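A look at the structure
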Amino acid sequence: MKKITLILCLLGSMSLLAQRSCATNEKTQELINTVPGYAAHHQEMMRYLRNTSQENLFNKPNAPQVVVTIPVVFHVLYKNTSQNISDAQITSQLAVLNADYRKLNTDFNAVVPAAFRPLGADMEIAFCLATRTPTGSATTGITRKSVASSFSFDNNYYAASGEPAWDPTKYLNIWVGKFTDNTLLGFAYLPDTAGANYDGLCISYTAFGTTGTAQAPFNKGRTATHEIGHYFGLDHPWGTDSSACNSAANSDGVADTPATNNPYFGCPTFPDNTNACTTTTNGSLFMDYMDYVDDACMALFTVGQKAIIQNTLAGPRLSLITSNNGCNPLGLEDFEAINAIAVYPNPATNYFQITSPLVAVDEVELFNALGQLVSTQKLSGTNALVNVSQLAVGTYYLRIYNQGSFVKSAKIVKQ
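Residues numbered from 1 in each chain as written. Predicted model: local features only at pLDDT ≥ 70, side-chain atom pairs only at ≥ 80, totals over all residues. Heavy atoms only, no water.

1. A look at the layout of surface pockets
Counted only if it meets this: For cavity detection a 1 Å grid was placed over the protein atoms alone, and a set of points counts as a cavity when a 1.4 Å probe fits there but cannot get out; an open set counts as a pocket when protein lies on both sides within 12 Å along at least five of seven lines, with lining residues being those that have an atom within 4 Å of a point. Grid points are joined across faces, edges and corners, and a volume is the space filled by probe spheres set on the points. Each helix is a run of DSSP H or I of at least 4 residues and each strand a run of E of at least 2, with the numbering of both proceeding from the N terminus. Residues are grouped as follows: nonpolar covers Ala, Val, Leu, Ile, Met, Phe, Trp, Tyr, Cys and Pro; charged covers Asp, Glu, Lys and Arg; every other residue, Gly included, is treated as polar.
Quantified by volume, the largest pocket comes out at close to 470 Å³. Along the walls of the largest pocket sit 18 residues, with His-42, Met-46, Asp-235, Thr-240 and Ala-249 positioned nearest its centre. Only α2 (24-34) and α3 (38-50) provide two or more residues apiece to the lining of the largest pocket. In terms of residue class, the lining of the largest pocket is built from six nonpolar, nine polar and three charged.

As structure tokens, this is what we get:
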């Protein structure tokens, strides 16, 4: 009897270890708790990203159908030779990303039930290894560094003891290593951190790619697909709070992903309403990349999720599509917007952001409806935050400058 009990306990432990875990919500909460003003900025940014009725570079009339190419740099941080994953393993991960984000994954029809297949979307995003470093030197798009056995990958991946990010406004930085918590598969930062020195995603070397150190059931490369979804603004189907169905926190802001009150694990059988907030004939969309099922049981992004990602690429991650550090870069001239400057969210409550990837800007003036100058603020970096929390509700007109020279005017509504 003791032997049977021990076996059952071991099986239970193995089952727990085999469940997907993502720390994106925890990392976001850390910023809310420690960075002044971040909570308000985060709320406004998520409202902007989820407002899919607004026009952007991708959905405006006569916008060209284009595939955006994102340059990627992989930073391998290893404590021993087994963690120093091969180039082949990295290549296998890149292949999965390019299939999943173009709806070219060969398991789509096998995994996605017929009832949900019409929701599947080609995200029109491609990924390539960076070909140039931030200083212009040739690169393979892969860095490798031996770190101490005591190194905290979770918290120091981007520090000097790890590998500092390559310009996050021009590269998607992916750090691969060993987490302190062996059950953690990865995390990524949301678009409201665009340009921060920690921006990008971290992933366990055991849940990366399809070969080498990748371990079942997370050996199909879908952990990176999931985490990059966060990087582009997508949430889990249950939002940030799974405790109460249909609450504001229990939502991913996507109309075509049925609301759930908990993640799905393993490989459920369709249809499944176990965690559905509303019982339906088709049940939950548990095979969505943003849920927690095993790699082999997730196979699609939806049309609604694509709209959020396009808002991200037209806003906080606009500079990625102008980067010339990868293969076949997409210039903004493809959108007839060579000097594009994005101002968002609009309307704004406390903050709005100015993203200017091609033209340097360093100052903005805000005028009220009477033409009176009410605020002048300095701008810093490609993604500059502007504080309007002290301004009265109303419409304001912007004049944006670079070293005293006028660059662009715009209008913002303070609500």
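2. A look at the state of the cysteines
Note the threshold: Disulfides are defined in this document as cysteine sulfur pairs within 2.5 Å. Residue exposure (1.4 Å probe, protein chains only): buried if accessible area is under 20% of the type maximum, exposed if over 50%, otherwise partly exposed.
Considering all chains together, one arrives at two disulfides under this definition. Cysteine pairing for the protein chain, with bonded cysteines counted in sequence order: 1-3, 2-4. For Cys-22, which is in no disulfide, the shortest distance to another cysteine sulfur is to Cys-202 and amounts to 11 Å. Here Cys-202 falls in the buried class, since its relative accessible area comes to 0%.

3. Quick look at the sheet that holds strand β7 (residues 342-344)
Adjacent strands of a sheet pair through backbone hydrogen bonds, lying either parallel or antiparallel. The condition is simple: Two strands qualify as a pair provided that DSSP identifies no fewer than 2 bridges between them. Here, axes are lines fitted to C-alpha atoms. For helices the fit covers the stretch in contact, and angles between N-to-C directions go from 0 to 180 degrees.
Reading across from one edge, β7-β8-β11 is the order of the three strands in this open sheet, with antiparallel pairing throughout. Two strands bound the open sheet, and with one partner strand each, they are β7 and β11 (383-387). Neighbour to neighbour, the strand axes of the sheet diverge by 20° on average, direction disregarded. Bridge count between β7 and strand β8 (residues 351-355): three bridges; the pairing is antiparallel. Counterpart to Ala-342 in the pairing with β8 is Thr-355.

4. Focus on the packing of helix α4 (residues 87-100) against helix α7 (residues 222-231)
The condition that has to hold: Here the word oblique covers every angle except those under 35 degrees (roughly parallel), over 145 (roughly antiparallel) and from 65 to 115 (roughly perpendicular). Helix crossings are classified by the rotation of the near helix relative to the far one: an anticlockwise turn of less than a right angle makes the crossing left-handed, while a clockwise turn makes it right-handed. Note on contacts: a residue pair is in contact if any heavy atoms of the two residues lie within 4.5 Å.
One can describe the packing of α4 onto α7 by two numbers: an axis separation of 9 Å at closest approach and a directional angle of 55°. Compared by their axis directions, α4 and α7 come out oblique. Of the two possible hands of crossing, α4 and α7 adopt the one that is right-handed. For the pair α4 and α7, contact is made by Gln-93, Val-96, Leu-97 and Asp-100 and by Arg-222, Ala-224, Thr-225 and Ile-228, respectively. Here the residues of the contact of α4 with α7 sort into four nonpolar, two polar and two charged.

5. Quick word on the sheet that holds strand β10 (residues 373-378)
Taken in spatial order, the four strands make up an open sheet running β10-β9-β12-β13, and their pairing is antiparallel. Because the sheet does not close on itself, it has two edges, and the strands there are β10 and β13 (405-414). Strand-to-strand twist in this sheet, taken as the mean axis angle between neighbours without regard to direction, amounts to 20°. Relative to β10, strand β9 (residues 363-367) runs antiparallel, the two sharing five bridges. From the neighbouring strand, Glu-363 faces β10, where its bridge partner is Lys-378.

6. Considering the side chain of Thr-193
Following the sequence through the fold, Thr-193 ends up in the loop between β5 (186-188) and β6 (201-204). Excluding anything up to four places from it in sequence, Thr-193 contacts Leu-31, Tyr-38, Tyr-198, Asp-199 and Arg-317.

7. A few points about the packing of α3 against helix α8 (residues 303-314)
Where α3 contacts α8, the axes come no closer than 8 Å and their chain directions differ by 120°. In terms of orientation, α3 and α8 fall into the oblique class. Between α3, through Tyr-48, Leu-49 and Arg-50, and α8, the contact on the second element is made entirely by Ile-308, Asn-311, Thr-312 and Ala-314. Tallied by class, the residues present in the contact of α3 with α8 amount to four nonpolar, two polar and one charged.

8. Quick word on the pattern of salt bridges
Worth spelling out the cut-off: For this document, the term salt bridge refers to a Lys or Arg side-chain nitrogen within 4 Å of an Asp or Glu carboxyl oxygen.
As enumerated under the stated definition, the model contains nine salt bridges in all. Here Arg-317 and Asp-199 are joined by a salt bridge, their closest N and O atoms 2.8 Å apart. Separated by 118 residues along the polypeptide, Arg-317 in the loop between α8 and β7 and Asp-199 in the loop between β5 and β6 bring together distant segments of the chain. Assigned by exposure class, Arg-317 and Asp-199 land together as buried.

9. Overview of α8
What counts here: The span expected for a helix works out to 1.5 Å for each residue beyond the first.
Here α8 is 12 residues long and its end C-alpha atoms lie 17 Å apart, about the 16 Å a rise of 1.5 Å per residue gives. With 10 of its 12 residues buried, α8 lies for the most part within the structure. Considered for burial, the residues of α8 that qualify are Gly-304, Gln-305, Lys-306, Ile-308, Ile-309, Gln-310, Asn-311, Thr-312, Leu-313 and Ala-314. On its buried face, α8 is in contact with α3, β1 (68-78), β2 (125-129), α7 and β7.

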